[in-house]
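Chain and residue survey
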Amino acid sequence: YVMPEMAAQLVLFVVFLLMGEWTSMLLNLPLTAWNVVKVVNNRQFYDATEVFRTLSRHKRENFVKVGFYLLCFFYYLYSMIMTLVNESTADYHAASAH
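The subject of this paragraph is the pattern of salt bridges. Evaluated as defined, the whole model comprises 3 salt bridges. Glu5 serves as the salt-bridge partner of Lys65, at 3.2 Å between the closest nitrogen and oxygen. With a gap of 60 residues between them, Lys65 in helix H3 (residues 55–97) and Glu5 in helix H1 (residues 2–19) connect regions that are remote in the sequence. Here Lys38 makes a salt bridge to Glu61, at a shortest N to O gap of 2.6 Å. With Lys38 in helix H2 (residues 22–40) and Glu61 in helix H3, the pair connects residues that are 23 residues apart, well separated along the chain. The pair formed by Lys38 and Glu61 is uniform in burial state, with each residue classed as buried. One continuous salt-bridge network, built from bridges that share partners, spans Glu5, Lys38, Glu61 and Lys65.

All right, on to a nonpolar patch on the surface then. On the surface, a nonpolar cluster with roughly 740 Å² of combined accessible area is contributed by Leu70, Phe73, Phe74, Leu77, Met80, Ile81, Leu84 and Val85. By secondary structure assignment, the location of Phe73 is in helix H3. The class of Phe73 is partly exposed, set by a relative accessible area of 47%.

Below, the discussion takes up the confidence of the model for the protein. Summing up the model confidence of the protein, the mean pLDDT is 86 and the portion of residues at 70 or higher is 96%. Looking at the elements of the protein, mean pLDDT is at its lowest for H3, recorded as 87, and at its highest for H2, recorded as 91.

All right, on to the packing of aromatic side chains then. By convention here, two paired aromatic rings are described through the distance between centres and the angle between planes. Per the stated rule, a full pass over the model turns up 4 aromatic pairs. Where Phe16 meets Tyr76, the ring centres are 5.8 Å apart and the plane angle is 45 degrees; that geometry is what we call tilted. Taken together, the residues Phe16 in helix H1 and Tyr76 in helix H3 connect sequence positions 60 residues apart. The class for Phe16 is buried, based on a relative accessible area of 12%. Here the aromatic cluster, defined as three or more aromatic residues joined through ring pairs, consists of Phe16, Tyr75 and Tyr76.

Reading the values: the criteria
Residues numbered from 1 in each chain as written. Predicted model: local features only at pLDDT ≥ 70, side-chain atom pairs only at ≥ 80, totals over all residues. Heavy atoms only, no water. Salt bridge = Lys/Arg side-chain N within 4 Å of Asp/Glu carboxyl O. Helix = DSSP H or I, 4+ residues; strand = E, 2+ residues; numbered from the N terminus. Buried < 20%, exposed > 50% of the residue type's maximum accessible area, 1.4 Å probe, protein only. Patch = residues over 30% accessible without salt bridge, like charges linked within 9 Å, V, L, I, M, F, W, Y side chains within 5 Å. Areas by Shrake-Rupley, 256 points an atom, 1.4 Å probe, with all protein chains shown as cover. pLDDT = per-residue confidence, 0-100. Phe/Tyr/Trp six-rings, centres within 6.5 Å; stacked < 30°, edge-to-face > 60°.

Here it is in structure tokens:
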């Protein structure tokens, strides 16, 4: 399931671009660029006869992706919490002004 992962990453990148979420877009830029390079060089598929010879490279690549997704998860969680806190603070100030 390599191509759906790449397509989802590209869609996420384009959504961030269109929504003006520049920090999130720049955070996703390295993995999107990596996926584009893999597709351009025709290395997006795993060959069953070659996979054990290149297992360490695939393993390292997947560990880096897991680390990247973990970093993104905590960044998105932090962004969501900050948005909720800022909205509730604005609502509190608006209610106390009346």
